[in-house]
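For reference, the chains in residue letters:
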Amino acid sequence: MKSLFKYFSSVKLAIVLIIIITLASVVGTVIPQQKSPEEYIARYDQWANLLQRLQFTNLYKSLWFSVLLFLLALNIIVCTLDRLSPKLKKTFRPRLAVEAKDIAVLKIREKFKKPMSLNPTRELVKKVLSSRHYRIKETQKENKIFLYARKRILGWFGADIVHLGILIIIAGGIISGIGSFRWNMTFSEGRILDVPRADFKLKLDKFETEYYPSGGVKDWKSTLTVFENEKPVLNKIIEVNHPLSYKGFVFYQSSWGWDWRNPSVDILAKKRDDSSFSRKIELKIGERVKLEGEDIEVSVLEFIPDFVIGEKGQITSRSLDPNNPAAFIEGWQAEEKIFSGWIFAKFPDFDRIHSEKETDLIFELMDFSAGQISIIQASKDPGVNFIWAGCAFLMIGLLFAFYWPSREIRVAMEGIGNKTEITAGGIAAKSKDTFTSEFKNITESIRRSK
Amino acid sequence: MNESTLFLITFVLYIASAFFYLSFLFSKEENTAKTGYFFAWAGLIFHTIALIWRTIESGHAPFTNMYESLSFLAWASILAYIIIEMKFKIRKAGPYFMLIVIGLMALASSPLMPKEATPLIPALQSYWLWLHVSVTLLGEAFFGFAFITSILYLVADAKENEGKNPGLSAEKLDSVSYRCIAIGFPLFTLGGLVFGMIWAYKAWGSWWSWDPKETWSLITWFVFALYLHTRIVMGWKGRRSAYIAIIGFLAALFTYFGVNYLLSGLHSYA
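How each quantity is defined
- Residues numbered from 1 in each chain as written.
- Chains lettered and ligands numbered in written order.
- Predicted model: local features only at pLDDT ≥ 70, side-chain atom pairs only at ≥ 80, totals over all residues.
- Pairing = 2+ DSSP bridges.
- Helix = DSSP H or I, 4+ residues; strand = E, 2+ residues; numbered from the N terminus.
- Axes fitted to C-alpha atoms, helices over the stretch in contact; angles between N-to-C directions.
- pLDDT = per-residue confidence, 0-100.
- Domains from an automatic or database assignment.
- Contact = placed C-beta atoms within 7 Å.
- Nonpolar A, V, L, I, M, F, W, Y, C, P; charged D, E, K, R; others polar.

> Residue-level account of the sheet that holds strand 14 (residues 297-304) of chain A, with values.
Residues and elements named next belong to chain A. Strand order in this open sheet of 5 strands is 13-14-17-18-19, and the pairing throughout is antiparallel. In this open sheet, the two strands that pair with only one neighbour each are strand 13 (288-290) and strand 19 (351-355). Shown here is a sheet whose adjacent strand axes are inclined to one another by a mean of 20°, direction ignored. As paired elements, strand 13 and strand 14 share 3 bridges and run antiparallel to each other. Its bridge partner lying in strand 14, V289 is registered against V298.

> Describe the confidence of the model for chain B, and please don't skip the residues or the numbers.
Looking at chain B, pLDDT values average 91 and 97% of them are 70 or higher. With pTM at 0.87, the complex prediction returns an ipTM value of 0.93.

> Summarise the sheet that holds strand 4 (residues 181-188) of chain A; cite the residues concerned and give the values.
All names here are of chain A. Spatially, 4-21-10-9 is the arrangement adopted by the 4 strands of the open sheet, whose pairing is antiparallel. Of all the strands in the sheet, the pair left with one neighbour each is strand 4 and strand 9 (244-246). This sheet shows a mean twist of 30° between the axes of neighbouring strands, independent of strand direction. Pairing analysis gives 9 bridges linking strand 10 (residues 249-258) to strand 21 (residues 372-380), with the strands arranged antiparallel. Directly across from S255, in strand 21, lies its bridge partner I375.

> So what's going on with the domain arrangement of chain A? Residues and values would help.
Residues and elements named next belong to chain A. Taken domain by domain, chain A comprises domain 1 (2-85), domain 2 (94-152 + 405-448), domain 3 (163-258 + 374-396) and domain 4 (264-370). Using only C-alpha atoms to locate each centre, domain 1 and domain 3 end up separated by 31 Å. The interface of domain 1 with domain 3 comprises 5 residues on the first partner and 4 residues on the second. In terms of residue class, the side of domain 1 that touches domain 3 is built from 4 nonpolar, 1 polar and no charged.

> Go over the domain arrangement of chain B, please, and point to the residues and values.
Residues and elements named next belong to chain B. On domain assignment, one finds that chain B holds domain 1 (1-115) and domain 2 (143-270). Every contact between the two is made by 16 residues of domain 1 and, on the other side, 12 residues of domain 2. Contributing elements (two or more residues each) for the side of domain 1 that touches domain 2: helix 3 (66-88) and helix 4 (94-109). For the side of domain 1 that touches domain 2, the element with the most residues is helix 3, which contributes 7 residues.

Printed below as a string of structure tokens:
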């Protein structure tokens, strides 16, 4: 147990872990993550299988990467605990009486005689030190006085505060990993949707896309209303970078699209042997409209923005963009279906109409339009406040560690008649150059003052 | 007068600065270096005006495409150089640093970089753009300086081993590298990682998604964390520290540049 503790308290382990985690992270940016097995086979051929087995294709969420992060966290905890208890002891119960001969071994030191008796010398030294913001503790043994002066003690704990921050961030990461969830909500205007795992609903009142004069998108804005017990309680316009937060949930403007399930379709009816015949019908999905002057009714059952026939012969949409718009129409005559099939906006001469009964009518998909839908990402992340707290510790710790260097000065004074022998020594973990000159200034002003 | 004229004047001033610094390397006359320093200051002033001009004209932060961000990085580098020069008096490293600045300016003015200011896409419309990018790039500028002083260290160390006088002592270069990283590391942590996470949470709904840019920022951060731990805890100095600082800057460079062109991800702006 003790040797295990010792193993985990070594900085060498930290360095090895950091190197491994860094290299693994590099690998994870080179191999595309979380793609389909087919893509890996296309890319890596016979190596694909091995990469997937080693979880290199989902590296950051893999067990072994998590274990590495866990070991690093453990290492940080043990290292910090190992260093912290002697540090705390030194902070709160420092050794006050350090003999001159022990001070004399410090790197930054000075020894001289002051032609002044012990007590006034002590007052002088204390005055000089406290004028430089040192806090002083003193003890006396017969004709010897020991001063222990220090300042910016928090700087000495800077690295520990940084490490605490990192641990809080890792903890927050674990909480997020286990407890957070996010999903997309697809809204058309006016729609109310339940928010999963919440006791409120969300309604999209309005969705609009704003454009710059040059044509680029300026912003997507969704006006949302929160409903609780069927009553509206909150109204907010969200846009990219300005989400809505409510009861631990956050709603983001994530994407948008066309509501192709509810388009308006304009169909042009013509006759094969009568070129003067031309009738336009405006239809919504499921609606049946009579063709003017004819005994035929037409309806649209389905609209596909980017028509394609899949490998298995199934009809799908390749994308959500209207690249190859197609509509499935039906014709009825006295409650009898007489034809049905696909017509295409880009290929007016081509159709896949199936006729049950002879007709000389032909149809073209003339125009179509759809309302916009707003895709809102809802998320709940119980770890996020840990992250911000951890970041705060991290930054404060870095500032203390680099810009609040702690200083420690020990002075041993021995009264010899009406003279005092002064031995002073200083310790600084960081920015030793500035401390060395400060120390020189201090001893110089002790020497000179009367 | 317009922004591109100001940019050109700035570029000329930087070239003048580099010219005087370079001739200082040969002439060893203190005054030539002072002139170089003066031109660096003049360049910084004109560059600042150019950036403000661009901000007013475009109505948004001057780092939303590659041209702008390169120009801003050059500005941050000059700022970093002047801060370092004032603190550590390291004029002999000036010529090398000016060459990097000129490289950045040359890249920015190359025809490959579209210069016109385009309106901001929705994802970039946030004050976090200012905080995230400016602080990160300033941190990277200090890493850049540590990179230069580390290379100069390796050269100086080799010279000292041969018994020659390297001009700038290896020990001083080693210490300046550390001090640059001590400034750059907190800035990079704050701007790149902390502000980045906050902004990602506000814009994408997730504070960390292992996007290549995020991951490479973390890799860069890890390399410098390694530098600090080996140095402060294990007492590494000199050559080994210099190598880590060089690797760290190359990682930062890849985060800034390489990720955009070689890897794809969420962070597809600059």
